[in-house]
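Observations on the model geometry
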Amino acid sequence: MKNKVKRREFIKILGAGTVGAAAGVSLVNAFPASKVDSAKFLHVNSQEEVSPTYCEVCFWKCAGWVHKKDGKPWKITGNAHDLNSQGRFCPRGTGGIGMYTDPDRLKTPLIRVEKNGKQVFRKASWDEALDLVAERMQSISKKWGPECVALFTHGSGGTYFKNLLRGFGSNNIAAPSYAQCRGPRAEAYLLTYGEGVGSPERTDIKNAKCLVLIGSHIGENMHNGQVQEFTEMVANGGTVITVDPRFSTAASKSKYWLPIKPATDIALLLAWINVIIEEELYDKKYVEQYTYGFEALKESVKKNTPEWAYPLTTIKPHIIRQTAREMAKAAPSVIIHPGRHVTWYGDDTQRVRAGAILNALLGSWGRRGGFYAPAKAHIKKYPHPKYPKPKKNWKDAFPDQFPLANLALSSGICDATIPTPDKECSFKGWIIYGTNLIQTLPQPEKTLKALQNLELVVAIDTMPAEITGWADVVLPECTYLERYDDLRISQGRQPSVALRAPAFKPKNETKPAYWIAQKLAEKLGLEKYFPAKTIEEYLDYRLKSIGSSLEEMRKVGVKNLAPEQDLYFLDGEEYEFSTPTGKIELYSTTLEESGFDPIPKFTKHEEPPDGFYRLLYGRAPMHTFGRTTNNQILNDLMNENEVWINPKVAKEWDISNGEYLSLENQDGKISNKIKAKVTERIRHDCVFMVHGFGHDRKQMRRNYLRGADDQKLISKVKLDPIMGGTGMRVNFVTFRKEAV
Ligand SMILES: Nc1nc2c(c(=O)[nH]1)N[C@H]1C(S)=C(S)[C@@H](COP(=O)(O)OP(=O)(O)OC[C@H]3O[C@@H](n4cnc5c(=O)[nH]c(N)nc54)[C@H](O)[C@@H]3O)O[C@H]1N2
Ligand SMILES: Nc1nc2c(c(=O)[nH]1)N[C@H]1C(S)=C(S)[C@@H](COP(=O)(O)OP(=O)(O)OC[C@H]3O[C@@H](n4cnc5c(=O)[nH]c(N)nc54)[C@H](O)[C@@H]3O)O[C@H]1N2
Ligand code: SF4
Ligand SMILES: [Mo]
């Protein structure tokens, strides 16, 4: 197929406000101590108003209250009845007001036009912008079928666009939180236990006596409820074992820090399994009753002794034995944390499975201080007609690959948009909701190439993020503080429901996602999929099905739906797991059938060449990816990232602490300038930086060229053959003293 699309140029979006015009005082106060229920103060002061919300600064979705004083934003606090937040917000959540006040926000719909031979955006009315989107979607549908329009989504408002796209006839809906994040974990637990760990995770951390963190950097990874449970566990004297090439915040709270050589975790996990089996430290009764394939596992790990693992991992054999015994001593109140962002080296499903197997040997699934059985909320959906059945889906572009992927791969859709000699590209239109694909997907040059092959690119965002510069149509959403959204329905020890209601009127011409999707549906003749006239009607219907109402939820914000019950297995309780054998599969029959190792094995990964260091990345407590770096309140706390370098390495390169330099990767990709942080807290064979910095769009004036973007250096990935996750820690960098 000839590419008829005119080459898409990046367009800058001109900002209007003045830098620094946003609300002044820093509202940030990490975990403010107040556990007071703000609802009680509803009428204390006539100038103070509160309205319920759940936070959108990350996807933990804490419920809280937005406070206004004299109609102006004041602060956000936690809802005392909310189990996700325990009544306290994290620093990012309290800084959420900065999303609303950001002067650089998108303000009006924009359409790409050509002016004097140059592509520019012109302001458009909602009607014009949505007419154009509808017209192009219909034209793509006529020529290639509705399935050739894909949706990328991350965030609450994505729900309505999913509904729209399914009604349109496509189920090509992908989130980066699968192939770039949790996908391998979802599949590894499904293969082993027949179900996933969910979000918030079903880990009973507060009752655990021993917690093993493989990379998971709790504390920097600031998922509120989890951090609070971690703190409680540590305060109660629980043992933490942290495996991380970097001395993370979690490592600083640990009894054992195992500074493992990156990319060798499977070797350590197999050695632990070996010790637990050889020293007969496993839960015999549990293993016999609930698991399948123990003998095969025992045989398979015979050779994986601590002595075997030592030269691979650099962790001494006696430490491997000691830590295995610590776990066994705490069993079954022990958790090998399943991780969250687990797309590291391409063998990620197998690594997470090795941890899942260890949990089974220690008998922690279904046990207090291990993994509890979460209760789920049952809330009626608003009825709508059946969706048409799509004739094809993204998997058709990869007939022999990733057999066990259960969700669409965002990176896969990107690949299937670039035509190759043997394959026509399948996608002609992208609708992008709340995900900055340029910084989010690895191999950004591939993303740019795909963008050139599209007839329609729509970006629905709140900020002029990188991705919006590549769109044909930019649709400005109002922030979460200016809109209703679908209910937050959480699983957990108790299921719960939370309401987000607008605290402020949408600024400028911005609109909520529900409104945008519904209007677009009307233009496509798909209004039957949005039968509720307004979101208020939609929410009220759903809430009435649990005996509540929109009116009540506006007052209480959160409802916990049932008392805690049946969190753990009763002693010897019969239980059928949803796996092919009905047991916890130490030996995976599904993996065997699909031609993969039924028991995880260690394979060696490529090592950095001389003068190069493995590039690792992670989180900072006060930021969520790139979505908060332009937020004044959070930018005040951290306005650039640094590259962590071991002092020995720094000495070799004559790099001093605080010096600016650039990084260059194995393919000659060069980063923006970044400050060196010379520290003993990282191994000599790797460097580390926080993801989400290094924006290069002038329209975001506060984060422009602040720090470096790790994604620019991720030009290589290793795909997980089981489910298509993109292993991203396979890039090596060296230093360029002359910073660019
Ligand atoms: N190199 C590298 N890549 C990574 C990661 C990494 O650590 N390093 N992490 C991976 C992981 S774990 C994940 S989950 C993904 C996350 O990837 P993304 O979810 O894409 O994260 P962001 O980069 O923050 O992009 C969010 C976009 O949503 C916009 N936005 C914020 N609020 C709203 C809203 O209310 N409405 C709308 N419409 N838009 C909004 C922001 O302005 C921003 O453009 O990235 C993955 N990719
Ligand atoms: N503040 C904040 N919190 C967040 C987010 C955020 O953006 N900001 N994002 C949320 C999201 S979507 C996700 S998915 C999670 C991600 O949070 P996690 O799941 O905790 O992230 P990881 O990438 O697994 O962990 C990064 C850690 O892994 C270490 N590491 C790197 N390579 C290796 C290795 O080979 N072996 C071992 N053992 N360790 C290694 C790094 O040094 C770093 O400490 O965080 C969530 N929480
Ligand atoms: S953990 Fe923090 S940023 Fe995430 S939802 Fe909760 S308060 Fe918001
Ligand atoms: Mo993630």
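Given the structure is predicted, the values throughout are model-derived calculations rather than measurements. (Residues numbered from 1 in each chain as written. Chains lettered and ligands numbered in written order. Predicted model: local features only at pLDDT ≥ 70, side-chain atom pairs only at ≥ 80, totals over all residues. Heavy atoms only, no water.)

**With respect to the overall build of the protein chain**
The criterion, for reference: Counting from the N terminus, the helices are the DSSP runs of H or I reaching at least four residues and the strands are the DSSP runs of E reaching at least two. In this setup the radius of gyration rests on C-alpha atoms only. A globule is expected at 2.2 Å times the number of residues raised to 0.38. Buried means the residue's accessible area, taken with a 1.4 Å probe over protein chains only, is under 20% of the maximum for its type, while exposed means over 50%, and partly exposed covers the values in between. In this description, contact between two residues means that some pair of their heavy atoms is separated by no more than 4.5 Å. Accessible surface area values rest on a Shrake-Rupley calculation with a 1.4 Å probe, where residue burial reflects the displayed protein chains alone. The sign given to each residue is positive for Lys and Arg and negative for Asp and Glu; His and the chain ends receive no count. Every charge is mapped to an atom, namely NZ of Lys, CZ of Arg, CG of Asp or CD of Glu.
Helix and strand content of the protein chain: 21 helices and 27 strands. Taken against the 2.2 N^0.38 rule, which gives 27 Å for 740 residues, the C-alpha radius of gyration of the protein chain at 25 Å falls within 12% of a compact globule. Burial status across the protein chain gives 61% buried among its 740 residues. Intrachain contacts of the protein chain at a sequence separation of at least 6 include 75% that bridge at least 24 residues. Of the roughly 28700 Å² that the protein chain leaves accessible, carbon and sulfur atoms contribute 51%. Taking the 103 positively charged and 85 negatively charged side chains of the protein chain as two groups, their mean positions are separated by 4 Å.

**Side note on the state of the cysteines**
Using the following cut-off: Sulfur atoms of two cysteines make up a disulfide when they are within 2.5 Å.
With the rule as written, the count across this model stands at zero disulfides. We note that Cys478 lacks a disulfide partner, and the nearest cysteine sulfur, in Cys55, lies 15 Å from it.

**Comments concerning the sheet that holds strand β17 (residues 496-498)**
What counts here: One bridge is not enough; two strands pair if DSSP finds at least two bridges between them. Inter-axis angles, ranging from 0 to 180 degrees, are taken between N-to-C directions of lines fitted to C-alpha atoms, where helices are fitted over the stretch in contact.
Reading across from one edge, β16-β17-β18 is the order of the three strands in this open sheet, with antiparallel pairing throughout. A strand with exactly one partner marks an edge of an open sheet, and here the two such strands are β16 (488-490) and β18 (558-560). On average, adjacent strands in this sheet sit at an angle of 15° to one another, irrespective of strand direction. Here three bridges tie β17 to β18, and the two strands are oriented antiparallel to one another. Within β18, the residue paired with Val497 across the bridge is Lys559.

**Looking at the packing of aromatic side chains**
Put simply, the rule reads: Each aromatic pair joins two rings of Phe, Tyr and Trp (for Trp, the six-membered one) with centres within 6.5 Å, and gets the label stacked for planes under 30 degrees apart, edge-to-face for over 60, and tilted for any other angle. Any Lys NZ or Arg CZ that is within 6 Å of a ring centre and within 35 degrees of that ring's normal is treated as a charge sitting over the ring.
Applying the stated criterion across every chain, the model contains 31 aromatic pairs. Summarising the aromatic geometry, the rings of Tyr292 and Tyr587 are spaced 6.4 Å apart at their centres and angled 75° between planes, so their arrangement reads as edge-to-face. Highlighted residues: Tyr292 in strand β11 (residues 291-292) and Tyr587 in the loop between β19 (584-585) and α19 (589-593), separated in sequence by 295 residues. Judged by relative accessible area, Tyr292 falls into the partly exposed class, the value being 34%. Tyr587 gets classed as buried once you look at its relative accessible area, which sits at 17%. An aromatic cluster of at least three residues, connected via ring pairs, comprises Tyr160, Tyr382, Tyr514, Phe530, Tyr538 and Tyr541. The ring of Trp644 has Arg246 sitting right over it, with the charged end atom 4.8 Å from the ring centre. Taking the ring centre of Trp344 as reference, the NZ or CZ of Arg351 above it sits at 3.9 Å.

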